Amino acid sequence: MHQDFLPPGIVALTGAGISKESGIDTFRDEGGLWQRFDLEEVATMEAWHRDKKKVLDFYNDTRRMFRAAHMAPNAAHKALALLERKYEGEVTVITQNIDPLHEQAGSQRVIHMHGRDGEIRCMSCGTVTESDADLSPASVCPHCKAVGELRPNIVWFGEMPMHMDEIDAVLERCGLFLSIGTSGDVYPAAGFVLQVRRHNRRARAVELNLEPTGNETLFHEHIYGPATLTVPPYVERVLAYGWK
Ligand code: APR
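Enquirer: So what's going on with the sheet that holds strand β4 (residues 115–122)? Residues and values would help.
Expert: Through backbone hydrogen bonds, the strands of a sheet pair up, either in parallel or in antiparallel fashion. Strand order in the open sheet made by the 3 strands is β5-β4-β6, with antiparallel pairing throughout. Either end of the sheet is taken by a strand with one partner, and the two such strands are β5 (128–130) and β6 (150–154). If you compare each strand with its neighbour and ignore which way they point, the axes differ by 45 degrees on average. In this structure, β4 lies alongside β6, joined through 4 bridges in antiparallel fashion. Directly across from arginine 121, in β6, lies its bridge partner arginine 151. Packing of helix α5 (residues 52–68) onto the sheet brings it into contact with β4 and β6, and relative to β6 it is tilted by some 50 degrees.

Enquirer: Outline the packing of aromatic side chains, listing residues and values.
Expert: Any aromatic ring pair is given by two values, namely how distant the centres are and how the planes are angled relative to each other. Enumeration according to the criterion identifies 7 aromatic pairs in this entry. Joined through ring pairs, the aromatic side chains of Phe27, Trp34, Phe37, Phe58, Tyr59 and Phe157 make up one cluster. The ring centre of tryptophan 156 lies 3.6 Å from the NZ or CZ of arginine 151, which sits over that ring.

Enquirer: Outline the site of the ligand, listing residues and values.
Expert: Taken together, 23 residues are adjacent to the ligand, and Phe27, Arg28, Trp34, Thr182 and Ser183 come closest. Alanine 16 has a polar backbone atom sitting 2.8 Å from an oxygen atom of the ligand. Within the contact set of the ligand, an oxygen atom lies 2.7 Å away from a backbone nitrogen or oxygen of phenylalanine 27. Among the residues making up the shell around the ligand, the classes are represented as 8 nonpolar, 10 polar and 5 charged.

Enquirer: Could you give an account of unusual backbone geometry, naming the residues involved and the relevant values?
Expert: Here the amide bond leading from tyrosine 187 into proline 188 is cis, since omega sits at 10 degrees, within 30 degrees of zero. Relative to the helices and strands, proline 188 resides in the loop between β7 (174–180) and α9 (192–199). Phi at lysine 145 is positive, roughly 70 degrees, even though this residue is not glycine. Owing to a relative accessible area of 55%, lysine 145 belongs among the exposed residues under this scheme. Backbone geometry at histidine 163 places phi at a positive 60 degrees, although glycine is not the residue there.

Enquirer: Please set out the pattern of salt bridges residue by residue, giving values where relevant.
Expert: Taken as a whole, this structure holds 16 salt bridges when the rule is applied. The residue arginine 64 makes a salt bridge to aspartate 61 at a minimum N-O spacing of 2.9 Å. With a gap of 3 residues between them, arginine 64 and aspartate 61 both fall in helix α5, about one helical turn apart. Taking the relative accessible area as the measure of exposure, aspartate 61 reaches 44% and is therefore partly exposed. Connected through salt bridges with shared partners, the residues Asp61, Arg63, Arg64, Asp117 and Asp134 form a single ionic network.

The rules behind each value
- Residues numbered from 1 in each chain as written.
- Predicted model: local features only at pLDDT ≥ 70, side-chain atom pairs only at ≥ 80, totals over all residues.
- Heavy atoms only, no water.
- Pairing = 2+ DSSP bridges.
- Helix = DSSP H or I, 4+ residues; strand = E, 2+ residues; numbered from the N terminus.
- Axes fitted to C-alpha atoms, helices over the stretch in contact; angles between N-to-C directions.
- Contact = heavy atoms within 4.5 Å.
- Phe/Tyr/Trp six-rings, centres within 6.5 Å; stacked < 30°, edge-to-face > 60°.
- Lys NZ or Arg CZ within 6 Å of the ring centre and 35° of its normal.
- Near = heavy atom within 4 Å.
- Polar contact = N/O pair within 3.5 Å; in protein donor to acceptor, adjacent residues only side chain to side chain.
- Nonpolar A, V, L, I, M, F, W, Y, C, P; charged D, E, K, R; others polar.
- Buried < 20%, exposed > 50% of the residue type's maximum accessible area, 1.4 Å probe, protein only.
- Salt bridge = Lys/Arg side-chain N within 4 Å of Asp/Glu carboxyl O.

Okay, here's the thing in structure tokens:
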């Protein structure tokens, strides 16, 4: 099909809530990571300069939590993969999550805007390497051999998210914007819905979340409940009837 005749794209912005039922903690819910840890102490550049060991230990521990969860994609991840396979236009997942569950469910177009688990980056030479090993201030970059410069390839507060040019382009082609399992507290992701609606006045925006997030006015429709129960029927509905 010629590009001009492709139907509008679908974008699903996902957050920690979509992986909750796969056993991964969210950040801001009761008992979430940012209730148990002070993000200023473990997820900022200032924290890294103040106490590298503390930052690296936090990520070493959360990586272990990931592994212990025996993560597997759930019905919501799988439904988005089905949507990508069946919809005749472009379907893109923009995820704030660092877990690999969208890919494991079969999604092909996944943008990890906050980085990915299992990658490390050298602050000295910039090389990104795949690694599941624990890091410490004594770790040596396999590329440039700098000591104490390796960090998780994960975006910290105050840093620019990754792949923003690609994200802007995808949002421009978007006709249906889904926000799934995210509190909408963190920018720029929280602003994507407005970006889509400003660019395309006919675009539809739907929020699927466990509970109201306080962003009611930004979306045309809200569907509340656990993602495994709300996303699959919503995807079936779009595939059967569209979203108008
Ligand atoms: N199904 C659907 N939604 C759920 C579920 C579920 N089973 N469980 C929880 N939620 C919802 C919560 O109600 C909440 O609104 O998911 C949302 C999770 O919000 P956050 O914990 O704030 O996670 P997220 O929005 O992904 O955070 C954004 O903040 O700390 C940074 O970089 C981190 O990527 C993260 C970003």
